[in-house]
Structure formats: structure tokens, C-alpha cells
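The lines below spell out each chain.
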Amino acid sequence: MNTNFLSVFCLLVCIAEAKNEYKLFNVLNYGARADDRTDNTMAFLKAWSDACRWRGKSTVLIPQGSYMLNEVIFSGPCNSWMNFQIEGRLKAPSDIYSFKTDSWISFRYVNNLYVGGGGTLDGQGAVAWAKNDCQKNRNCRVLPGTMTFQFITNGYIHHMRSINSKQNHFTLYGCKNMVLTKLKLIAPFNSPNTDGIKIALSMGITITSVSIGTGDDCIAMLYGTKGVRISDVFCGPGHGISIGSLGKNNGEEDVDDIVVKNCTFSGTNNGVRIKTWSSILQTTTHVSNIHYEDIVMDKVQNPIIIDQNYCPSLPCNAKGEVSSVQISNVSYKYIRGSGNADVAASLQCSPNKPCQNITMENINLWPSGRSRKLNNECLHVIGASYGTQIPHACI
Ligand SMILES: *[C@@H]1O[C@H](CO)[C@@H](O)[C@H](O)[C@H]1NC(C)=O
Ligand SMILES: *[C@@H]1O[C@H](CO)[C@@H](O)[C@H](O)[C@H]1NC(C)=O
Ligand SMILES: *[C@@H]1O[C@H](CO)[C@@H](O)[C@H](O)[C@H]1NC(C)=O
């Protein structure tokens with residue numbers, strides 16, 4: 001081989017390699033300052049923008065330290081996969097009037113996104129919670145959630161702590177093929193609307209090894225949520241793992257194919273819950289193929305609940321208002337532990353659309369705490385029960 005050939009060879013191979021070269025974009029090189037005061041929004045955005053344009057794989061690095069960060073949107077599409085590595089602590093402004101949208105940190109339109117790094121997202125929610133009047137005021141100001149993923153395909157969200165979110169900790173909308181793992185989400189039990197993970201119009205979502213203690217649902221799956229696998233989730237305090245609420249608005253897409261397995265609920269209001277609004281609205285929305293298995297309840301108020309008369313605020317529950325959401329193929333298997341109110345399973349389905357094919361298999365729930373005795377209550381339920389049934393099955 002002559003040297004000419006080698007250099008031509010290298011020229012070709014080296015260009016090909018350079019094209020896919022991995023590159024690190026450290027926010028400190030873009031003027032970010034970990035001093036807890038400086039607004040780092042522009043620095044982070046510049047780092048993101050360069051990384052997103054880079055032709056190879058890239059990492060935006062936020063090293064250890066505490067960074068003040070305003071509302072920010074990291075948008076794609078990007079040229080290659082993106083790794084957003086948060087090793088430090090990000091702090092939101094506590095003033096809710098500094099937000100224009102309902103999210104603090106958003107990622108949009110990215111294909112192959114990694115977000116993780118062991119860092120902390122501090123939503124600084126304490127001041128905002130007192131300003132949440134959404135139970136009373138229909139035109140209330142929607143508070144910003146901590147981290148929102150919109151139209152992300154292939155996402156890996158991992159190793160992060162989110163504390164004191166103003167509203168939801170994590171929100172997924174229009175996402176496909178996402179894994180959320182090794183997350184710790186924390187807010188006080190009485191912080192309003194601080195859902196742990198809220199999902200809508202998304203499919204192929206895996207949530208595993210996640211610990212959630214918050215003031216609303218640990219996980220909420222809304223319209224158009226399909227193909228979700230939840231396992232090894234600890235929930236408490238909080239309002240449980242919920243499907244819904246559904247049936248309040250027209251045209252909501254179905255919720256289908258959800259598996260919740262090997263999860264623990266401790267001191268929560270609800271365990272596994274499906275809720276649909278009591279409403280005169282005629283919908284064709286279905287909730288089907290929902291499977292709960294290997295669930296441990298520890299002093300849970302409503303361990304198993306289907307509530308088709310959901311009405312946390314007016315107007316609803318007027319005479320004749322019944323949910324028209326159809327629930328079918330729901331199975332509960334190996335659910336054990338304690339309840340601390342009167343009911344183990346409360347299945348309140350709609351007279352308009354009775355629940356179809358609800359199965360209970362090996363349920364063992366006993367009273368604890370304030371509870372002396374547990375009963376099951378069924379209304380408009382069609383299904384069957386198998387194996388151990390403590391207390392007595394009502395289907
Ligand atoms: C079930 O969850 C526990 C912790 O909650 C975990 O240690 C265990 O590995 C999980 N088992 C399976 C089969 O996923
Ligand atoms: C009832 O639902 C279970 C899954 O929960 C399914 O395996 C079964 O085939 C369904 N039966 C009917 C009659 O649809
Ligand atoms: C219920 O499960 C059965 C058996 O798996 C399936 O054939 C049927 O389509 C399911 N019903 C709904 C509404 O998905």
C-alpha cells in the first residue's frame with residue numbers, strides 16, 4: 001500500500017467517523033453559573049442549540065452545583081440523539097407570574113432523548129400551592145409542572161429527583177416509546193395537584209423503579225394512553241395510580257392495554273383507581289384491557305376503586321347524570337394488604353354502561369388503623385371472581 005492510498009482511505013473513514021463523533025456541550029462553557037442566583041436560561045438554551053445541531057451524538061452537561069433556571073423549552077428536531085445530563089440541582093423561580101406556560105422545563109419534538117444524571121429538579125412549589133384555587137375557581141391560573149415531554153419518540157428518563165413541583169412533576173403528551181426509571185418524586189401530601197407522572201395521548205410507556213410521594217395521583221393516565229407497563233413503583237403519600245379522570249370532554253381517545261405490577265401503596269387515599277366523570281355527555285370512550293397484579297396495600301383508604309360518579313367539583317351529579325365511558329376487561333390479581341376505611345374494593349360502574357368482564361383473583365385485604373371491617377361494594381358490574389376472596393367478593 002502506498003501512502004497515497006492510506007491518506008485517501010483515512011480521508012474517507014475519518015470523515016465518516018467525524019460525522020458521528022460524540023461531543024460534550026458543558027453549560028459552563030456557555031456562561032452558566034452555579035451560584036443559585038444567575039438566570040441560566042440563555043446559557044442552557046445555547047448549549048442545547050449547539051448540541052441539537054451537532055451531527056453526531058451529543059451530551060448537554062450540567063455539572064454539579066445549584067443553578068437558577070427560568071421557564072425553558074428545549075426543542076427539536078435534532079440531528080442525532082440527545083443526552084441531557086443533569087448532575088447539578090436546577091431551581092425554578094418561586095414566583096408563578098414569571099411563567100407564561102404550564103411547564104417549567106419542556107422537551108419537544110426530539111427523537112432519541114436521554115434525560116438523567118443523578119441531579120435534582122427543585123420546583124420551589126411552596127409559595128405556589130397557596131395560590132392554587134382550582135377547586136373553587138374555574139378560571140384559575142394553571143401552575144407550571146416541573147418537566148414536560150411533548151412529542152418525544154424514544155425517550156429514556158432516568159436517575160433524577162424532583163422535589164416540590166408547583167403542579168405535576170413529570171408530564172408526557174404525544175410521546176411514544178418512553179422509559180421512566182430510577183426516579184424519586186417528592187412533594188407534601190397536602191400540596192394540590194402535584195401529580196407524580198401524568199400521561200395523555202401517549203403509547204409504549206414503561207415506568208419502573210420509581211418512588212413517588214406527593215399530593216395528588218402518583219401516576220395519572222388520561223385520554224389516549226395506550227400500552228403502559230408500570231412495575232416496582234412505590235406510591236405514598238398520594239392518591240394512587242389512576243386511570244382518568246375521563247368522560248368530561250367530547251372526543252377523548254380510549255385508554256387501552258395497561259399493566260400495573262409489583263407495586264406498593266402506603267398510606268394513600270387510593271390504590272388502583274379508574275375514575276370517570278358523572279356527566280350527561282355522551283361519549284364513546286372505552287377503558288379496556290387493564291391488568292393489576294402483585295400489588296401490596298399498606299393502610300390504603302380505597303385499595304381497589306372504580307368510580308364512575310367522579311365529581312370533585314361542581315357542576316355534576318345532578319339528577320340523571322351518568323358516565324357513558326365503557327369500562328371492560330379489567331383484572332385484579334394477587335392484591336394483598338390492609339385498608340384503613342370500610343371498603344376493600346369499591347366498584348361503582350355506570351348504569352348506562354355497566355362494567356364488562358371485571359375479574360378478581362386472589363384478593364386478600366384486611367382492616368388496619370382506623371378500620372374495623374372491610375366490605376366490597378359493587379354496582380353495575382359484570383364479571384367473575386376466582387381463588388381467595390377476603391373480604392367476600394361482590395361479583
Ligand atoms: C418488585 O418490587 C420490589 C421493590 O418494590 C423489587 O425489589 C423487586 O425486584 C420487584 N420484583 C420484580 C419481579 O420486579
Ligand atoms: C376478560 O378479560 C381478560 C383479561 O382481563 C381476558 O383474558 C379475557 O379473555 C376476557 N374475557 C372476555 C370474555 O372478553
Ligand atoms: C376483551 O378481551 C378479549 C379477549 O382478550 C378481547 O377479544 C376483546 O376485544 C377485549 N375487549 C376490548 C373492549 O378490548
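Definitions and limits used
Residues numbered from 1 in each chain as written. Chains lettered and ligands numbered in written order. Predicted model: local features only at pLDDT ≥ 70, side-chain atom pairs only at ≥ 80, totals over all residues. Heavy atoms only, no water. UniProt positions renumbered as here; feature names shortened; annotations may be inferred. Helix = DSSP H or I, 4+ residues; strand = E, 2+ residues; numbered from the N terminus. Contact = heavy atoms within 4.5 Å. Buried < 20%, exposed > 50% of the residue type's maximum accessible area, 1.4 Å probe, protein only. Pairing = 2+ DSSP bridges. Disulfide = S-S within 2.5 Å. Near = heavy atom within 4 Å. Polar contact = N/O pair within 3.5 Å; in protein donor to acceptor, adjacent residues only side chain to side chain. Areas by Shrake-Rupley, 256 points an atom, 1.4 Å probe, with all protein chains shown as cover. Phe/Tyr/Trp six-rings, centres within 6.5 Å; stacked < 30°, edge-to-face > 60°. Lys NZ or Arg CZ within 6 Å of the ring centre and 35° of its normal. Axes fitted to C-alpha atoms, helices over the stretch in contact; angles between N-to-C directions.

- The protein chain goes by Polygalacturonase in an unreviewed UniProt entry, where it is assigned to Vicia faba.

## Description of the UniProt feature "active site" (unreviewed entry) in the protein chain
No. 1: The UniProt record annotates "active site" (unreviewed entry) at H239.
No. 2: Among the secondary structure elements, H239 is positioned in the loop between β18 (225-235) and β19 (241-246).
No. 3: Apart from residues lying up to four places away in sequence, H239 is in contact with G215, D216, D217, C218, N269, N270 and R273.

## Things to note about the environment of N83
No. 1: Structurally, the position occupied by N83 is in strand β6 (residues 82-86).
No. 2: A relative accessible area of 14% places N83 in the buried class.
No. 3: Discounting chain neighbours no more than four positions away, the residues touching N83 are S58, T59, V60 and Y114.

## Quick word on the pairing of strand β23 (residues 302-310)
No. 1: In terms of burial, β23 is largely enclosed, as seven of its nine residues are buried.
No. 2: Two strands pair when backbone bridges link them, and β23 and strand β25 (residues 343-348) are joined in this way by four bridges, in the parallel orientation. Looking at β25, one finds that D307 is bridged to Q348.

## Quick notes on the state of the cysteines
No. 1: Within this structure, the stated rule accounts for four disulfides.
No. 2: Disulfide pairing is shown between C218 and C235; the S-S distance is 2.1 Å. Note on the C218 and C235 pair: the S-S dihedral is about 85°, so by sign convention the disulfide is right-handed. One end of the pair, C218, is in the loop between β16 (202-213) and β17 (219-221); the other, C235, is in strand β18, with 17 residues separating them in the sequence. Take C218 and C235: they sit in the same class, and that class is buried.

## Thoughts on the site of ligand 2
No. 1: Neighbouring ligand 2 are N329, S331 and N357.
No. 2: Within the contact set of ligand 2, an oxygen atom lies 2.3 Å away from a side-chain nitrogen or oxygen of N357.
No. 3: About the coverage of ligand 2: the protein hides 36% of its 370 Å² of free accessible area.

## Topic: the packing of aromatic side chains
No. 1: All chains considered together, the criterion is met by 16 aromatic pairs.
No. 2: Relative to Y332, the ring of Y292 has its centre 5.1 Å away and its plane inclined at 15°; by these criteria the two rings are stacked. Here Y292 is found in strand β22 (residues 286-300), whereas its partner Y332 is found in strand β24 (residues 326-339), with 40 residues between them in sequence. Just as Y292 is buried, Y332 falls in that class too.
No. 3: Connected via pairs of aromatic rings, a cluster forms that spans W48, F74, F84, F107, F149 and F170.
No. 4: Across from the ring centre of W54, 4.7 Å away, lies the NZ or CZ of K23, which sits over that ring.
No. 5: The ring of W277 carries the charged tip of K248 above its face, separated from the ring centre by 4.5 Å.

## Comments concerning the side chain of Q326
No. 1: Of note, Q326 is situated in strand β24.
No. 2: Taking relative accessible area as the criterion, Q326 reaches 13% and is therefore assigned buried.
No. 3: Separated by 2.9 Å, the side chain of Q326 and the backbone oxygen of P354 make a polar contact.
No. 4: Ignoring any residue separated from it by four or fewer positions in sequence, one finds Q326 in contact with T285, H286, V287, K353, P354, C355 and Q356.

## As for the sheet that holds strand β8 (residues 103-108)
No. 1: If you walk across this open sheet you meet the 11 strands as β5-β8-β11-β13-β15-β17-β19-β21-β23-β25-β27, and the pairing is parallel. Here the strands that pair on one side only, and so sit at the sheet edges, are β5 (72-75) and β27 (375-379). Taking the axes of each pair of neighbouring strands and ignoring which way they run, one obtains an average angle of 15° across the sheet.
No. 2: Examined bridge by bridge, strand β13 (residues 170-173) and strand β15 (residues 197-200) share four bridges and lie parallel to one another. Across the sheet, F170 pairs through a bridge with I197, a residue of β15.
No. 3: Contacts between helix α2 (residues 41-53) and the sheet are confined to β5 and β8, with β5 contributing the most and set at about 5° to the helix.

## Observations concerning the environment of G267
No. 1: Turning to its location among the elements, G267 is positioned in the loop between β20 (255-266) and β21 (270-277).
No. 2: Between the C-alpha atom of G267 and that of V300, which follows or precedes it by 33 residues, the distance is 5.1 Å.

## A closer look at unusual backbone geometry
Most peptide bonds adopt trans geometry, and most residues besides glycine take a negative phi value.
No. 1: Residues G236 and P237 are joined by a peptide bond in cis, for which omega reads -5°.
No. 2: Tracing the backbone through its elements, the reader meets P237 in the loop between β18 and β19.
No. 3: Cis geometry is adopted by the peptide bond preceding P391, which originates at I390 and carries an omega value of -5°.
No. 4: Its place among the elements puts P391 in the segment after β28 (381-390).
No. 5: The phi dihedral of L201 falls on the positive side, at around 45°, and the residue is not glycine.
No. 6: Tracing the chain through its elements places L201 in the loop between β15 and β16.
No. 7: Relative accessible area serves as the criterion here: at 29%, L201 is assigned to the partly exposed category.

## A few points about the side chain of S371
No. 1: One can find S371 in the loop between β26 (355-367) and β27.
No. 2: A distance of 2.5 Å separates a polar atom in the side chain of S371 from the backbone oxygen of A341.

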